[in-house]
Amino acid sequence: QVGVGFSGGCELITHGIELERASRPEWGVLVVDFRNAFNSVSRKHTLEVIRRVFPEAWPFLSGLYGGGSLPYLTTEGTVFEAQTGVQQGDPCGPLLHACGLQVVLSRLATEVPDLRIIAYHDDVTLLGTPENLARGLTQIEAIALGVGLTVERGKCRFLAPRDVPVASLPPTLRLLGEREGFEHHGVGLGSDTFVQASCERVLARHKQLTDAIEHLPDSMLQSACLLSRFCAGPRLNYWLRSLPPVWGSWIAAKADEMSLQHWGTLLDEPLDLEAAPDRDLIRAQLALPLRLGGFGVADRGVVCSPAAVASWATAIRTLVTFRLRSACLLARALTCEDPVTLPPQLLSIYDGLQQALRRCNAVPEEHRSRLRSWRELLWGRAEAIEDSPLDRVLADDGEASPGSPGADYPGLSRLWSTRTDVIQHSLTWGQHSAAHAILLNSPLTPPTTVARLRGMGGHLSHLWLTTLPSLPGHRLDAFQFRSAARIYLGLPQAPWHSNRPSFCQGCESRIDACGYHFLGSCGLLRGLRTRRHTRLKYILGECLTRVGHTVEVESELPRSGSDPAPPRCIADLLVSDPAARRSAYVDLAITCPVASAHLTAAARRRGAAAAALRRVKERRYSESMASLPRAEGRSHRFQPLIVESFGHVDKSGLEWLRKCFAEHPTEYLGLLRRLSVSLWRYSSHMLFEARHRRLGLHASLPSS
């Protein structure tokens, strides 16, 4: 059984069926379903199994289920009592149901030993010849009645072997037979025509979901984007992991095109059209993860090969522990990279998996995952395997009944207990980092785009995209969100004016299409930049006060005695830690990496603009800090907190924040979320006000 204690149990069953049908063409597949299984299984048999295999939990579970009936209150106010089955919603319910079902499966394996049996909760999959499957169906019906379960023949499905006439099938299976295939756990099994039709149905359901998200009102745009990123896109991963690699790639290509259209509708931008020379750059950035300055969408084409490799590696290791001969043959061929020993029917699976791994490794050396071969994926090490359990299983020329590894195969228990880092993320990250490096190093990428991408690695860059709009400080209206997304992706803003040259009224500099000029030190928006600075300072002071620090706003540093009239140094915040007896004069500043003064350095190195401004602040405050009186037992320091307009925070300021919130990680994350949302909200306000001033309109900004 793979419904409890297994990760990816449905994928495991799908891969096991594919292996057995490929290596044994004369076998069919029978899926047996039970009527109301969770509410019907016998508690007596369930608790007997628990007492035998899990005696530590037996007193607790018998106290819940061994003392008679459980009362239930209906919505109408009536009370009824349940005397059989497990309580749905109970965390132990799946385990108890599996224990009751194990009685049925163990007896069935004894009565019909030639069957391969694997179950996911109440869906029991049987593999074998039609004659053995017919016997198995009859036997499981009789055995299941003993534990209170009833087979629902109307829900059972049978996939006949290839090239077997219907007339030669046993009468019991003839009515259940499917010639083309059927969907098992949502995945199409059978002929290529049927699998393609099943994949098209998956894409149709995906389109229904994205259409429903698009039809949400504009006031819920922030929530709609969260639903699309964390629900609609990732839910396709199940099919990318469960289907053969060729069909997974087919679904991924179709889904990416649909995703571009979908996000183009949400952002009011035709992302699926090749209308501009930089459209490829924007589409490439959409597929990058948030940590690399992307949107994390339209990336199923990148994910499909790592998803297939990770799923098959996990499934093969588990099926080897179940002593499945076809899995052992495939594992040995992949490990030794020698398909000569494989039966011809398994060669297509072998070739598909090797091609998928080659696509994962088709990146420069420095971006590859440390899991680069099937030997490392399956066994967790690159050297040769001594005394391989595979050879002993294959030499036995037979398989045991379902269950964990037996004592006669001690080498298999090592696989069962050892965890190999076969995770989809580690295989996908190399693809994303290589694509990111190509964007940064390509001569076709403009310096402004390079500087923007390098500045997108900070926490404040992407947290606004993952924040739930549950609090007023976390919300962005539709205009703010779309405008911030255009800044984030480098999309052109609305035209400043078609009949006027694009020059700034404040400093007479040329305005770029994205409006990044107004995020810098342009004098036209000095008042709005002051409001942004004040807002971020207020958020920082409020969160520091909440975790026990004493905060003083606009604190002036003492003047130096050597100079009769030195320039005044007023720190934004004076933050004191009473427990540690130390204080910090904090100067918060925001700079733009694509401003002309920083563009060349920011295009070469992340955080160059913040580092340059930090050095200026340190020189300015150095003399005043040196003249501070030294109180006994108390230390003072100057702490610049430099934030770039795309979200990167200078390393020195970020380390200081982490120390201040070391004992309050939840408050620290909340601070970063509020700062990120406010930073990008004011960036959209700046472009809004600049455009209205350019057009001579009155800029009525929202009160937020």
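Figured I'd write up the structure that's included with this text. (Residues numbered from 1 in each chain as written. Predicted model: local features only at pLDDT ≥ 70, side-chain atom pairs only at ≥ 80, totals over all residues. Heavy atoms only, no water.)

Further remarks concern the layout of surface pockets. What the largest pocket holds in volume is close to 1,100 Å³. Considering the residues around the largest pocket, the lining is formed by 50 residues, among which Tyr 516, His 517, Cys 592, Val 594 and Ala 595 are closest to the centre. Contributions of two or more residues to the lining of the largest pocket are made by helix H12 (279-287), helix H19 (424-441), helix H20 (447-454), helix H23 (526-546), strand E11 (570-577), strand E12 (582-591) and helix H25 (608-626). Residue composition of the lining of the largest pocket, by class: 24 nonpolar, 15 polar and 11 charged. Approximately 720 Å³ is the volume attributed to the second largest pocket. Lining of the second largest pocket is provided by 35 residues; of these, Glu 18, Arg 162, Gly 190, Asp 192 and Pro 244 occupy positions nearest its centre. Here the element with the most residues in the lining of the second largest pocket is helix H15 (residues 347-361); it accounts for 6 residues. (1 Å grid on protein atoms, 1.4 Å probe; cavity = no way out; pocket = protein on both sides within 12 Å on 5 of 7 lines; lining within 4 Å. Points joined across faces, edges and corners; volume = space filled by probe spheres on them. Helix = DSSP H or I, 4+ residues; strand = E, 2+ residues; numbered from the N terminus. Nonpolar A, V, L, I, M, F, W, Y, C, P; charged D, E, K, R; others polar.)

This part takes up empty space enclosed by the protein. Applying the stated rule across the entire model yields 3 cavities of 30 Å³ or more. Taken as a whole, the largest cavity holds about 40 Å³ of empty space. Lining the largest cavity, in full, are Leu 460, Leu 536, Leu 540, Leu 588, Leu 641, Val 643 and Leu 675. The calculated volume of the second largest cavity comes to roughly 40 Å³. Along the walls of the second largest cavity sit Arg 43, Thr 46, Leu 47, Tyr 65, Val 86 and Leu 96, which together make up its complete lining. Sort the elements by how many residues they give to the lining of the second largest cavity and helix H3 (residues 43-53) lands first, with 3 residues.

Moving on, we get to the pairing of strand E9 (residues 187-190). Sheet analysis places strand E8 (residues 181-184) next to E9, joined by 4 bridges and oriented antiparallel. In the strand pairing of E9, Phe 182 is matched with Leu 189. Between E8 and E9, which follow one another and run antiparallel, lie 2 residues, and His 185 among them has a positive phi close to 55 degrees. (Pairing = 2+ DSSP bridges.)

What follows deals with the environment of Leu 236. In this structure, Leu 236 sits in the loop between helix H9 (221-232) and helix H10 (237-242). Sequence spacing of Leu 236 and Ala 252 is 16 residues, and the spatial spacing of their C-alpha atoms is 8.3 Å. Those residues in contact with Leu 236 that sit more than four places away from it in its chain are Val 202, His 206, Ala 255 and Arg 300. (Contact = heavy atoms within 4.5 Å.)

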